[in-house]
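Here is how the chains run, residue by residue.
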Amino acid sequence: MKLWSFKGGLPALAEHKNDSSPVAIETAPVPSTLVYPLRQHIGNPAKPLVAVGEHVLRGQKIAEADGFVSAPIHASSSGVISDISEQLFPHPSGLSCQSISIKTDGLDQEVEAHSHADFRQLSILELVNIVHDAGIVGLGGAAFPSYIKIDNHSHDWNIHTLILNGAECEPYISCDNSLLMERAQCVTEGIEILLHMLGAKKAILAIEDHAELTFAHLTKTLSDHNNEAIQVVQIPTIYPTGGEKQLIQTLTGREVPSGKIPANIGIVCINVGTVYAIQQAVVKGKVLTSRVVTVTGDGVSTPKNLEARIGTPISQLIDVCHGYTQQAERLIAGGPMMGFALSSDEIPLIKASNCVLVASKEEVVTHKQAMPCIRCGECASVCPVSLLPQQLYWHSRSDQLDKAASFNLLDCIECGSCDIACPSHIPLVQHFRYAKSMLKAQQHEKQQSDTARIRFEAREARIARDKAERAEKSRKKKAALKSKPVKDDVDTTVAKTTIPSSET
Ligand code: SF4
Ligand code: SF4
């Protein structure tokens, strides 16, 4: 298959994938307390459906989606709701958010699952609803509610190609590769479900070219399935080739325009872990209560890929990996390039958590003393989105958010390539993250004030309309009264008119 390349990127990052992937995926035990931040997906936080003291079962919905861009959350074991309060959660801001805690009862009882042996018996709308109700979001780290991405039914997208993202371009992370090695049958069935839902003609499953064993295994699985619409392709290991837009460009040569989504050019791109979750929801009736996560780095004794319940404290995952080593220096959610530091190991695993990196001093990408920008242009030459990081830096630093937005700040995928390339050691991504969050807050505020203004104007118009209607009604009533003949009046008139005539 012909491949294309995207501009920029970093070709030679040390992989460290084998640290965690040689052993099979291990199941982490159910912890004594599970914690569910209500903000663990893009969009509105979920709304709690339970109260403290209530008993819940595994798979029971404990928080519902709040609006279109949101996702429900389910209990990942049985137990009692022990707390609903603000708690720390994995987020670059380091802030806390409303969270539900469950004291588990050790029974792990679950709600009845509704399986479907043949997904073709279900309508597309039923399939979309299953994905929505299962609380599935992008498990590659983006955490965007998946049902929106695959709801071809409600849009006019004309999807022709489905891309399955198995290219884990960040060093250290190997959970998707392990999933493809151990659960390829389920992933293949998940691809068939998505092809059916989207009406796409072909599916391309992309993995990096160093994953030779995975390629051989997938090739065999696909030939057993005998589905010629699905193709497995190896792509060059260039960071960040697993970025959605970069992967699409590598495989199809097409660029997703700024401000557009892949569906606008007839493509849907989904992470392989998400495909697995969709297959489990449709075929087995299992909602999203666990995920595979890589726990790795020189700071952990035995790096592993673990299947862990959503809500498990990270400290318990570290215990399963035989604890910290002497070199443990920093806890990072995600990989070394796009991850962010965690302030505590009591923070829980969420749907978006694909990796916990316990980094040693050597593994931490530390910023040396930042020097002034020398306008060398190195940052622009590695940017995979063709941005001008140097300009973005100036505008972000001076809070000129409108100018930063005009240089497409919101297109920055925070890949960190410019950080690595900058000879002045400027922490560019930190500036971009901050400016993006400010810009989004500004846009949100404007949206809210626009909504409030529209509501106010609609209310004023309604009041004026009601007043006019009332005035019109009263005018009509008066007019009707005037024109209505009244007997007494007639008699009086007659009397009044007859008297003078008799006088005359
Ligand atoms: S790489 Fe660093 S020093 Fe060079 S232009 Fe970009 S920000 Fe400035
Ligand atoms: S972090 Fe943003 S600006 Fe820097 S290289 Fe990546 S996409 Fe470009």
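So, how was this worked out
Residues numbered from 1 in each chain as written. Chains lettered and ligands numbered in written order. Predicted model: local features only at pLDDT ≥ 70, side-chain atom pairs only at ≥ 80, totals over all residues. Helix = DSSP H or I, 4+ residues; strand = E, 2+ residues; numbered from the N terminus. Buried ≥ 20, exposed ≤ 12 C-beta atoms within 10 Å, placed from the backbone. Contact = placed C-beta atoms within 7 Å. Pairing = 2+ DSSP bridges. Axes fitted to C-alpha atoms, helices over the stretch in contact; angles between N-to-C directions. Expected span 1.5 Å × (residues − 1). Near = placed C-beta within 6 Å. Nonpolar A, V, L, I, M, F, W, Y, C, P; charged D, E, K, R; others polar. Core = buried A, V, L, I, M, F, W, Y, C linked by C-beta atoms within 7 Å. Domains from an automatic or database assignment. Right-handed = clockwise from strand over helix to strand, strands pointing away.

S.K.: Help me out: how do you make sense of the overall build of the chain in this one?
M.R.: When helices and strands are tallied, the chain shows 14 helices and 17 strands. Viewed in the frame of its principal axes, the chain has a C-alpha envelope of about 125 × 60 × 50 Å. Counting only residues that meet the buried cut, the chain has 44% of its 504 residues in that class. Here the contacts in the chain between residues at least 6 apart in sequence split such that 73% fall between residues at least 24 apart.

S.K.: Where do I start with the sheet that holds strand β17 (residues 355–359) in this structure?
M.R.: Adjacent strands of a sheet pair through backbone hydrogen bonds, lying either parallel or antiparallel. Within the open sheet, the six strands sit side by side as β1-β14-β13-β17-β15-β16. Their pairing is mixed. Here the strands that pair on one side only, and so sit at the sheet edges, are β1 (26–27) and β16 (340–341). Inspection of the sheet shows strand β15 (residues 330–333) paired to β17 by four bridges, in the antiparallel sense. Each bridged residue has a counterpart across the sheet, and for Ile332 the counterpart in β17 is Leu357. Seen against the sheet, helix α3 (residues 175–182) touches β13 (290–296), β14 (304–309) and β17 and runs at an angle of roughly 125 degrees to β13.

S.K.: Explain helix α4 (residues 184–198) here, please?
M.R.: In an α-helix, one full turn covers 3.6 residues, which means residues spaced three or four apart are oriented alike. Over its 15 residues, α4 extends 21 Å from the first C-alpha to the last, a length consistent with the 21 Å expected when each residue adds 1.5 Å. Looking only at α4, the buried set comprises Ala184, Val187, Thr188, Glu189, Gly190, Ile191, Ile193, Leu194, Met197 and Leu198. Trailing α4 by a residue or two, Gly199 shows a phi angle of about 70 degrees, which is positive.

S.K.: Sorry, what's going on with the site of ligand 2 here?
M.R.: Near ligand 2 lie 15 residues; those nearest to it are Cys383, Cys412, Cys415, Ser417 and Cys418. Those elements that place two or more of their residues in the shell around ligand 2 are α12 (417–421) and α13 (428–483). In terms of residues, the shell around ligand 2 owes the most to one element, α13, which gives three residues. Its residues assigned to classes, the shell around ligand 2 comprises 12 nonpolar, two polar and one charged.

S.K.: What am I meant to see in the site of ligand 1 here?
M.R.: Around ligand 1, a shell composed of 15 residues is seen, among which Cys373, Cys376, Cys379, Gln390 and Cys422 lie nearest. Counting residues per element, the ones that place at least two in the shell around ligand 1 are α9 (378–382) and α10 (389–397). Looking at the shell around ligand 1 element by element, the count peaks at three residues for α10. In the shell around ligand 1, the residues fall into 10 nonpolar, three polar and two charged.

S.K.: Before we go on, may I ask you to explain the nonpolar core in this structure?
M.R.: Generally speaking, nonpolar side chains in soluble globular proteins are found buried as a group. Core analysis: the biggest nonpolar cluster contains 107 residues, and Val131, Ile163, Leu164, Leu194, Leu205, Ala206 and Leu317 have the highest contact counts within it. Non-local contacts of Leu317, meaning those with residues more than four positions away in its chain, are made with Ala28, Val295, Leu306, Ala308, Thr312, Leu349 and Val356. Of all hydrophobic cores here, the second largest spans 17 residues; its members include Cys379, Val385, Leu409 and Cys412.

S.K.: How do you make sense of the domain arrangement of the chain when you look at a structure like this?
M.R.: Where interface size is quoted, it is often the accessible area lost as the parts come together. Annotation of the chain at the domain level lists domain 1 (115–285) and domain 2 (376–504). With centres defined by C-alpha atoms, the gap from domain 1 to domain 2 works out at 38 Å. With five residues of domain 1 at the contact, the number on the domain 2 side is six residues. Of the residues belonging to the side of domain 1 that touches domain 2, the class tally is two nonpolar, three polar and no charged.

S.K.: Honestly, the sheet that holds strand β5 (residues 61–64) in this entry has me stumped. Any pointers?
M.R.: The three strands lie next to each other as β3-β5-β6, forming an open sheet whose pairing is antiparallel. Of all the strands in the sheet, just β3 (47–48) and β6 (73–74) have a single pairing partner and so form its edges. Inspection of the sheet shows β3 paired to β5 by two bridges, in the antiparallel sense. Across the sheet, the residue bridging to Lys47 is Glu64, located in β5.

S.K.: I would appreciate a short explanation of the pairing of β5 in the present structure.
M.R.: Along any regular strand, the residues point their side chains to alternate faces of the sheet. Across two bridges, β5 lies against β6 in antiparallel orientation. Note that in β6 the partner of Lys61 across the bridge is His74.

S.K.: Explain unusual backbone geometry here, please?
M.R.: Excluding glycine, residues mostly have negative phi values, and the peptide bonds linking residues are mostly trans. Following Tyr239, the chain continues to Pro240 via a peptide bond in cis, the omega torsion being 5 degrees. The residue Pro240 is located in the loop between β11 (230–235) and α6 (244–252) in this model. Phi at Tyr172 is positive, roughly 80 degrees, even though this residue is not glycine. Position of Tyr172 among the secondary structure elements: in the loop between β9 (161–165) and α3.

S.K.: Would you take a moment to explain the pairing of strand β10 (residues 202–208) for this structure?
M.R.: Of all seven residues in β10, six are buried; the element is thus mostly enclosed. Two strands pair when backbone bridges link them, and β9 and β10 are joined in this way by five bridges, in the parallel orientation. If you follow Ile163 over to β10, its bridge partner there is Ile204. Sheet topology places β10 next to β11; six bridges connect them, and they run parallel. Considered in β11, the bridge of Ile207 is made with Gln234. In this view, the connection linking β10 to its parallel neighbour β11 by way of helix α5 (residues 212–225) has right-handed handedness.

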